[in-house]
Amino acid sequence: MTDRLVDARVPRDLSDFIAGLPKAELHVHHVGSASPRIVAELAARHRDSEVPADPEALAEYFTFTDFAHFIQVYLAVVDLIRTPEDVRLLTYEVARDMARQQIRYAELTVTPYSSVRRGIDERAFMDAIEDARKAAEADFGTVLRWCFDIPGEAGLESAEVTTRLATDDRVRPEGLVSFGLGGPEIGVPRPQFAPYFDRAIAAGLRSVPHAGETTGPQTVWDALTHLRAERIGHGTSSARDPELLAHLAEHRIPLEVCPTSNIATRAVRTLDEHPLGQFARAGVLVTINSDDPPMFGTDLNNEYAVAARLLDLDERGLAELAKNAVEASFLDPEGKARIRDEIDTYTAGRLAARAS
Ligand SMILES: [Zn+2]
């Protein structure tokens, strides 16, 4: 991709290092990961859509202009996901794009409510994502796990449906590990979702709500207190509350930071004002993520480049950052150790090659 919304302009050897670095991603949305290539395939299946099927026209359609345009593109892509086969194609092809970036493991945020609401049979939906997950692992070596999130703007009915789909043994998919809450924060207070998170946690899921992206630190406190968050999606405004930063650091509650997304949505005005450095200095475990990458003109590799600039990282620092995401993931200990070893081997190899 050439049209970066945020171009970190890191030296070539560092961007090459990032491109080959084995990575894990913890905050990335299913529909929001549909690249122009994938959308072209979907648009070719559904000719009545307003979305162009021609790749060049699509690339232009995807060029980020402002947040309203992002919502328009997002909804147009949602409209293209009409059948279980569309769901399968999207999921499998997203994994292919991840594998190309050396993403070994991803917790993909899926909003089953939107698809079920649009008339896709819930079991067929689960079969489609599971089928894609298994095929992606076999074909690309990328391990996918699911986070089912409540679309906050759709209210408590969506919370009820999402919770049922996430906890009913007859429908919940094998790859489901966590439970989230997305959508707007303004006018959508977190505490009202407490009973749904209680049910999801009782069913063995981990709590990972978005909080503090577009509202203040109190929303993060609410997510911790009422939703028993184990990780925070974004958490950007935590920077305004030293006590909260200390709490996150002390309790090892990681933040899922998505720098370009924050600029795109204007949660942060300029890259120089981004609080990533402040989080790191406060001892908070930070992870780097891409959120809705093609729609924000980015990908995970670019987000690592942005982080390298914000935190002034060299290869070793970037390897540590990649390991943060492994540590903060819900992988089992063996899975974590495997990716950590891969990161170490890769980094040592690259540094040795440079020294010789
Ligand atoms: Zn998000």
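Everything numeric here is computed off the predicted structure, so don't read it as measured data.

**Details of the nonpolar core**
Then step 1. Within the largest apolar cluster, 120 residues are counted, with the highest numbers of intra-cluster contacts made by V77, F148, F193, L224, I232, Y304 and L318.
Then step 2. Excluding residues that lie within four positions of it along the chain, L224 makes contacts with A229, I232, L244, H247, L248 and I253.

**Let's talk about the packing of helix α14 (residues 300-311) against helix α15 (residues 315-328)**
Then step 1. Between α14 and α15, whose axes approach to 11 Å, the crossing angle comes to 120°. By the criterion of interaxial angle, the relationship of α14 to α15 is oblique. In this structure, α14 crosses over α15, and the sense of that crossing is right-handed. Contacts from Y304, A307, A308 and L311 in α14 reach L318, L321, A322 and A325 in α15.
Then step 2. Of the residues in the contact of α14 with α15, the class split is eight nonpolar, no polar and no charged.

**Digging into the coordination of the zinc ion**
Then step 1. Distances from the zinc ion to its protein donors, H27 (NE2), H29 (NE2), H210 (NE2) and D291 (OD), fall within 2.1 to 2.3 Å.
Then step 2. Each donor residue of the zinc ion lies on one chain, and together they are spaced H-x1-H-x180-H-x80-D. A residue pair is termed long-range when its members are at least 10 positions apart, and H29 in strand β1 (residues 23-29) and H210 in strand β6 (residues 210-211) qualify at 181 residues.
Then step 3. H210 sits in the buried class, given a relative accessible area of 7%.

**What about the packing of aromatic side chains?**
Then step 1. For the structure on display, the rule yields seven aromatic pairs.
Then step 2. Here the aromatic rings of F64 and F296 are separated by 5.9 Å at their centres, their planes lie at 65°, and the arrangement is edge-to-face. On the criterion of sequence distance, the pair formed by F64 in the loop between α3 (55-62) and α4 (67-80) and F296 in the loop between β9 (286-288) and α14 is long-range, its members being 232 residues apart.
Then step 3. What makes F64 buried here is its relative accessible area of 15%.

**Some words on the sheet that holds strand β2 (residues 103-110)**
Then step 1. Strand order in this open sheet of five strands is β1-β2-β3-β4-β5, and the pairing throughout is parallel. Because the sheet does not close on itself, it has two edges, and the strands there are β1 and β5 (206-207).
Then step 2. As judged from the six bridges shared by β2 and strand β3 (residues 143-151), these two strands associate in the parallel manner. Opposite A106, over in β3, you have L144 as the bridge partner.
Then step 3. Each of β3 and β4 (176-182) is contacted by helix α8 (residues 155-167), which is oriented at about 150° to β3, the strand it contacts most.

**Observations concerning the side chain of S158**
Then step 1. By the element assignment, S158 lies in helix α8.
Then step 2. Among the polar contacts listed, one links the side chain of S158 to the backbone oxygen of G155, at a separation of 2.7 Å.
Then step 3. Excluding its chain neighbours within four sequence positions, the residues that come into contact with S158 are Y113, I150 and P151.

Reading guide: rules and limits
Residues numbered from 1 in each chain as written. Predicted model: local features only at pLDDT ≥ 70, side-chain atom pairs only at ≥ 80, totals over all residues. Heavy atoms only, no water. Core = buried A, V, L, I, M, F, W, Y, C linked by side-chain atoms within 4.5 Å. Buried < 20%, exposed > 50% of the residue type's maximum accessible area, 1.4 Å probe, protein only. Contact = heavy atoms within 4.5 Å. Axes fitted to C-alpha atoms, helices over the stretch in contact; angles between N-to-C directions. Helix = DSSP H or I, 4+ residues; strand = E, 2+ residues; numbered from the N terminus. Parallel < 35°, antiparallel > 145°, perpendicular 65-115°, else oblique. Left-handed = near helix turned anticlockwise from the far one by under 90°. Nonpolar A, V, L, I, M, F, W, Y, C, P; charged D, E, K, R; others polar. Donors = N, O, S within 2.8 Å, 3.2 Å for Na, K, Ca; no water. Phe/Tyr/Trp six-rings, centres within 6.5 Å; stacked < 30°, edge-to-face > 60°. Pairing = 2+ DSSP bridges. Polar contact = N/O pair within 3.5 Å; in protein donor to acceptor, adjacent residues only side chain to side chain.

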